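Chain by chain, the residues:
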Amino acid sequence: MTTVADEIARRLSQRGVTHVFGYPGETSLSLYAAFQRNDSLTHVVGRCPRGAAYAAEAYARVSGGVAVCDAPGGIGSPYATPALLEAYNSGTPLVLITSGPSKSTPRPWATGQVEHARLFDSVAKHVYVVREQRGALGVVDAALALAERPRRGPVVVEIAPDVLEAEADPKLLDELTAASAAPEPAGTAAEAGGEHPAARAAEAVGRGASVALIAGGGCHAAGAAEALREFVDRFGIPVFTTLNGKGVLSEVGTDLPRVVGSKGDTPANEYISGCEVVLYAGSKLGDKSTNQYAWPSPGQFLVRIDNDPQIDAADPASGCLLREDVAGGLKLLSDELGEWSYRGPRPSATAGDWSKSGTASLVATVNAELSDRDVCVGEASVASGWFGALLRLAPPQRLITPRGTGSLGYAIPASVGAAVARPDATVWSLVGDGGLTMSIGELETIVRLGLNVKITVLDNGRLNLIDQHAIHRHGAAAVSRDFHRIDWPTICAAIGLPVMACDDPDRDASEIASFFSRRGPAVLVLDTSVDEVSPDMAIAIRKAH
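In this text, all values refer to a predicted model and were calculated from it rather than measured experimentally. Within each chain, residues carry numbers counting from 1 in the order of the written sequence. pLDDT decides what is reported in this predicted model: residues at 70 or higher carry local features, side-chain atom pairs at 80 or more are listed and counted, and totals for whole chains, interfaces and linings draw on all residues regardless. The side-chain figures draw on all heavy atoms in the structure; neither hydrogens nor water molecules are used.

Chemist: How would you explain the sheet that holds strand β16 (residues 453–459) if you had to name every residue and give the values?
Modeler: The pairing criterion is simple: DSSP has to find at least two bridges between the two strands. Helix and strand assignments follow DSSP, with helices taken as H or I runs no shorter than four residues and strands as E runs no shorter than two, numbered in order from the N terminus. In spatial order, the strands read β14-β13-β15-β16-β18-β17; together these six strands make up an open sheet with parallel pairing. The open sheet has two edge strands, β14 (398–400) and β17 (499–502), and neither has a second partner. Taken over all neighbouring pairs, the strand axes of this sheet differ in orientation by 15° on average, direction set aside. Sheet analysis places strand β13 (residues 375–378) next to β14, joined by three bridges and oriented parallel. Residue Cys376 lies in a different strand from β14, and its bridge partner there is Leu399. Whether two residues are in contact is decided by their heavy atoms: any pair within 4.5 Å suffices. To obtain an axis, a line is fitted to C-alpha atoms, over the contacting stretch when the element is a helix, and the angle between two such axes runs from 0 to 180 degrees between their N-to-C directions. Sitting on the sheet, helix α13 (residues 359–369) touches β13, β15 (427–432), β16 and β18 (522–527), and the angle it makes with β15 is about 170°. Sheet strands touched by helix α19 (residues 488–495): β16, β17 and β18. Its angle to β17, the strand with the most contacts, is close to 170°.

Chemist: An account of the packing of helix α3 (residues 49–63) against helix α15 (residues 411–421) is needed here, citing residue identities and associated values.
Modeler: Where α3 contacts α15, the two axes come as close as 7 Å, and the packing angle between them is 40°. The angle between the axes of α3 and α15 places the two elements in the oblique class. Crossing geometry of α3 relative to α15 is assigned as right-handed. The residues of α15 that touch α3, namely those facing Gly51, Tyr54, Ala55, Ala58, Tyr59, Val62 and Ser63, are Pro413, Ala414, Val416, Gly417, Ala418, Val420 and Ala421. Here the nonpolar group is Ala, Val, Leu, Ile, Met, Phe, Trp, Tyr, Cys and Pro; Asp, Glu, Lys and Arg are the charged ones; every other residue, Gly included, is treated as polar. Looking at the contact of α3 with α15 residue by residue, the class counts come to 11 nonpolar, three polar and no charged. These descriptions rest on fixed angle ranges, namely under 35 degrees for roughly parallel, over 145 for roughly antiparallel, 65 to 115 for roughly perpendicular, and the rest for oblique. By the definition used in this description, the sense in which the near helix is turned from the far one sets the handedness, with an anticlockwise turn below a right angle giving left-handed and a clockwise turn giving right-handed.

Chemist: Talk me through the nonpolar core; I want residue IDs and the actual numbers.
Modeler: Burial of nonpolar side chains together is a common tendency in soluble globular proteins. Membership of the largest hydrophobic core comes to 49 residues, with the highest contact counts inside it found for Phe21, Leu96, Phe120, Val377, Ile400 and Ile455. If you tally residues by element for this core, the top one is α3, at eight residues. Val377 has contacts with Phe387, Leu399, Ile400, Ala411, Ala414, Ser415, Ala418, Val427, Trp428, Ser429 and Leu430, leaving out every residue within four places of it along the chain. Buried Ala, Val, Leu, Ile, Met, Phe, Trp, Tyr and Cys residues that are joined via side-chain atoms within 4.5 Å together make up what is termed a nonpolar core. Any residue under 20% of the maximum accessible area for its type is buried, any over 50% is exposed, and the rest in between are partly exposed; the area is computed with a 1.4 Å probe on protein chains only. Formed by 46 residues, the second largest nonpolar core is a distinct cluster that contains Ala198, Ala215, Val248 and Val278.

Chemist: Could you give an account of the side chain of Arg398, naming the residues involved and the relevant values?
Modeler: Mapped onto the fold, Arg398 is located in strand β14. For the charge count, each Lys or Arg is scored as positive and each Asp or Glu as negative, with His and the chain ends excluded. Salt-bridge detection follows one rule: a side-chain nitrogen of Lys or Arg within 4 Å of a carboxyl oxygen of Asp or Glu. No salt bridge is formed by the buried Arg398. Its closest oppositely charged neighbour is Glu57, at 8.7 Å. Contact partners of Arg398, with chain neighbours within four places excluded, come to Arg61, Val62, His220, Asp374, Val375, Cys376, Leu393 and Arg422.

Chemist: Hey, could you go over the pattern of salt bridges for me, with residue numbers and the actual values?
Modeler: If you walk through the whole model with that rule in mind, you get 27 salt bridges. Of the charged contacts in the structure, one is a salt bridge between Arg485 and Asp459, with a shortest N-O distance of 3.3 Å. Remark: Asp459 occurs in strand β16 and Arg485 occurs in the loop between α18 (464–474) and α19; sequence separation between them is 26 residues. Residue Arg485 is classed as partly exposed on the basis of its relative accessible area, which comes to 48%. Judged by its relative accessible area of 7%, Asp459 is buried.

Chemist: Describe the pairing of strand β7 (residues 211–215), and please don't skip the residues or the numbers.
Modeler: Within β7, five of the five residues are buried, which leaves the element mostly enclosed by the surrounding structure. Neither face of β7 is left uncovered, since the one carrying Val211, Leu213 and Ala215 and the one carrying Ala212 and Ile214 both have all their residues buried. Note: β7 against strand β10 (residues 277–281), five bridges, orientation parallel. Residue pairing across strands places Ala215 opposite Ala281, the latter belonging to β10.

Chemist: Quick one: what's the story with the packing of helix α10 (residues 224–235) against helix α12 (residues 326–337), residue by residue and with numbers?
Modeler: At a closest axis distance of 8 Å, the pairing of α10 and α12 adopts a crossing angle of 20°. Relative to α12, the element α10 is oriented roughly parallel. Seen from above, α10 lies across α12 with left-handed handedness. Every residue of α12 that contacts α10 at Ala224, Ala227, Leu228, Phe231, Arg234 and Phe235 is listed here: Val326, Ala327, Leu330, Leu333, Ser334 and Leu337. Per-class residue counts for the contact of α10 with α12 are 10 nonpolar, one polar and one charged.

In structure tokens form, the structure reads like this:
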């Protein structure tokens, strides 16, 4: 018998989906059976719905396409909320397929019953609810399309388990219904004034005594990186990146783009603060990329390129919005600028303040070992700060970090998704012991799949960035001062991972390089001091004082 779940699996593969990530439950097993019967789909089973959904989100970033994950409704689906929030805030195309209550459930409070439309209202672009097989394949098509429509983001499809298990009726499944209609985006404010925004942007850039361009994570989209490189080469505007824009331009050499914002460094931030005109391309202008909303500075003109239909038009006195994708917006601006080139001041090469040993030495070793298509994954907190300031990438190398939630527990499952997306690459993961505690189950996934993931655990037995904020901003004691130290080498070895412990990565650099040179997963547990100051911690401490 061909089930509705079989037809959904077939439709996914027809639409170019090759991998599905998930965690099973009784109500979703018909999907798992269908995936097993479909030779075009590979299903990656995580150790919890949260980890599987994070892996799918990272897979979408690295692959450039829409990712699909599954979770059993009510019992498993709420655990996917952090990944949906991450995808929603970061513009990652992700489709979550979950089982809802059976259409024949006679009364409420059935196990696993939840109103997904209400639960996910604020973290998904739309929730489709399928209670019968009529039009179900149209819903799948609509969900995949909506996830990739600007602004890209997550979409949820709830399908009743008895519908999934039913014998498929192709005529009913392909019937067009109102349920598959995509919601229209909310209206936006119109651009003020009669002049085209590209002309106003070019006028502001051309007359600015000091100008800077900040490339965000959206510049990794297809075609955007090439357009950005052409724009920078042509006009010579000083260029910086957000944390997740790292690697869109080569960072190898003397005149390399620096990271700005909360995960950048102080000299770079000071340069941006003093610029007359700042051009943001492919950035959502969140707290991290604007240095906690310090930009635009008073009197600063902000030019923004973003195709999100829900962004309000800018006040023409202080900025303008080019409602275009990055490549299209830069092309329009290039045409308006013509033969102009930047002749203003440039940022100094002065580096920021941070500890010059420990983790800094480890990142230097990673820089030396990186290959052409490698992916680096930074945990939230200090790990992403170290990678942001010291990692040196050249396309198509990538860095991914949680850019939408700042959530601990992201890096290990995200490393799974990155490794599945680029099986020919090495994935270098930097995670604190706090983040590892929240995602330890996915270490088994890495071992089981034999993924080429190299993990460094920054182990100081604390939630150190949180503690530093408590001490310097609130005058309190360290929140995690009484945490018990965890024996990570023993735990990782028990899971089946090769492990190396180290307290001096500068001294042991050659041994670390040799340890990581072998194909397959490996974990380096780096004993770090609570007194070590990461780049982002240095910025936070300076602001506190």
